[in-house]
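In case you want the letters, here they are:
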Amino acid sequence: MTSIEQVVEVHRLAVKGRETVIARNIGGWLATVWLRGSRFTDVIDLARLTLTLGPHAPALNHLGGAQSSLGRLQQALSSYEQALRLYQETDDRGGEAAALNNIGGVFESLGDRRRALDYYQRALPLTRDVGGREGEAAALNNIGLAYDGLGEWQRALEYYQQALPISREIGDSAGVAVTLSNIGLASRHLGDPQRALDHYQQALSIQRDIGDRAGEATTLNNIGLAHDGLGDQPGALDYYRRALSLRREVGDRQGEAVTLANIGVLLGDVGESERALEFLRKALSIRREIGDRVGAATTLNNIGAILFGLGDLDGAREGMEEVLEVVLEVGDRSSEVVVRSNLAALLVEMGRVDEALEFQRGAVDLAERMGHPASGALRRYLGDIEQAARENEDRS
């Protein structure tokens, strides 16, 4: 029996014997280890076993983290909201801040970045009140990420630049690396890929120094994205492959799927459709295996786009309709905008312009209510479809 198996057995016996403090302490440690190793289903089982001893905010937080990682966003939201209420009842302001940040993260995953921003901004003063400098830096990073998702990249950069000196001041090397990567992300969006690469390389150096293999894999993946944006597909592919190898080494199944999908998208962009489908289908298989429905939907959307390019319109539509079903179920409004517009484009190609109008109007309406950065382009495309519909009427 390995040491981890022994810990699992001690936890089971503690729960059975109603040794609440021991069960909660061991369960918390084990959940943290398993979350780092992407053992999300195991974390869910562990947290639920711990919760048989009664409500416990940290166990609910771990449960929410695993559910969120598996794309079970509404379940994660429920777990985090229960944790938030418990923290508020005990006046645990540090725990309350953490729960608010977690809830914000779920809303961000759901595409509701304005609501995410509200939760992050509620968390920030709490972290300052309790003197949690590490939490303050995390909250600033989260606010920056929300603004990044809203297309307000300069404002995002301002928050990242507030977080960076805090992480440096408290000697949080991992936090410094994360913030440098975020600055790289904003710089890439602001059209400065070289600055993005500079910051990614700084983050990579730190992650290697501290032995953060999972973080290193994420940064290698981001460097690949930057090279792809520069039109350097061979360089991007090299970094993706290095990230993929490392993610497999550390057992990060979710990260492995992300990088496989990135390789697939790149290959599709350079016209290697069959190889692209091979990588995307591998990513889809992993995402379905770990229960990541949102990630699976994204990959299905990419597969549909390639099938569309290959002329397999029925196959593309089948995949995209499955994607729409998933994003509606989990409430991912940002993805819903993209999928509705993609379906509209597909239906135009199939000659079904009236149906395309319905989907594109839905995409535009939702995008404008969300403040989506692509609202203008989506409305212009709606105008193109409306023009096509008028021309069809004139011919008939």
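Only a predicted model underlies this, so the values are computations on that prediction, with no experimental measurement involved.

*Asks:* Looking at this structure, how should I read the pattern of salt bridges?
*Replies:* Opposite charge on two side chains permits pairing when their charged atoms draw close. The final tally for this structure, using the stated rule, is 26 salt bridges. Of the charged contacts, one joins Arg361 and Glu386 as a salt bridge, the two residues approaching to 3.7 Å between their closest N and O atoms. Pair noted here: Arg361 is in helix α19 (residues 353-370) and Glu386 is in helix α20 (residues 375-395), with a separation of 25 residues, a long-range link. For Glu386, a relative accessible area of 26% gives the class partly exposed.

*Asks:* What should I look at first to understand the UniProt feature "repeat: TPR" (unreviewed entry) in the chain in this one?
*Replies:* Per the UniProt entry, the sites bearing "repeat: TPR" (unreviewed entry) are residues 57-90, 97-130, 137-170, 177-210, 217-250 and 257-290 in this numbering. Between the end C-alpha atoms of residues 217-250 there is a gap of 9 Å, over a span that is 91% helix and 0% strand.

*Asks:* Even after reading the chapter, I still don't get the nonpolar core, so can you show me in this structure?
*Replies:* Across soluble globular proteins, nonpolar side chains have a tendency to be buried as a group. Ranked by internal contacts, the top residues of the largest apolar core, which has 57 residues, are Ile103, Val106, Phe107, Ile143 and Tyr147. Apart from the residues within four sequence positions on either side, Phe107 is in contact with Leu77, Asp112, Arg113, Arg115, Ala116 and Tyr119. Within the second largest apolar cluster, 47 residues are counted, among which are Leu244, Leu266, Leu267 and Leu284.

*Asks:* Can you help me understand the packing of aromatic side chains in this one?
*Replies:* Where two aromatic rings form a pair, the distance of their centres and the angle of their planes describe that pair. Going through the model one piece at a time under the given rule, you end up with two aromatic pairs. Ring centres 5.6 Å apart and planes at 20° place the aromatic pair Phe107 and Tyr119 in the stacked group. With Phe107 in helix α6 (residues 93-109) and Tyr119 in helix α7 (residues 113-129), this residue pair connects regions lying twelve residues apart in the sequence. Overall, Phe107 belongs to the buried group, its relative accessible area being 5%. With a relative accessible area of 11%, Tyr119 lands in the buried category. Both rings, one in Tyr147 and one in Tyr159, keep their centres 5.7 Å apart while their planes meet at 25°; by these two values the pair is stacked. Remark: Tyr159 occurs in helix α9 (residues 153-169) and Tyr147 occurs in helix α8 (residues 133-149); sequence separation between them is twelve residues.

*Asks:* Teacher, can you tell me more about the confidence of the model for the chain here?
*Replies:* Predicted coordinates in areas of low pLDDT are best not read in detail. With 98% of its residues at a pLDDT of at least 70, the chain reaches an overall mean of 89. When mean pLDDT is compared element by element in the chain, α9 scores highest at 95, while helix α17 (residues 313-330) scores lowest at 84.

Basis of the calculations
- Residues numbered from 1 in each chain as written.
- Predicted model: local features only at pLDDT ≥ 70, side-chain atom pairs only at ≥ 80, totals over all residues.
- Heavy atoms only, no water.
- Salt bridge = Lys/Arg side-chain N within 4 Å of Asp/Glu carboxyl O.
- Helix = DSSP H or I, 4+ residues; strand = E, 2+ residues; numbered from the N terminus.
- Buried < 20%, exposed > 50% of the residue type's maximum accessible area, 1.4 Å probe, protein only.
- UniProt positions renumbered as here; feature names shortened; annotations may be inferred.
- Core = buried A, V, L, I, M, F, W, Y, C linked by side-chain atoms within 4.5 Å.
- Contact = heavy atoms within 4.5 Å.
- Phe/Tyr/Trp six-rings, centres within 6.5 Å; stacked < 30°, edge-to-face > 60°.
- pLDDT = per-residue confidence, 0-100.

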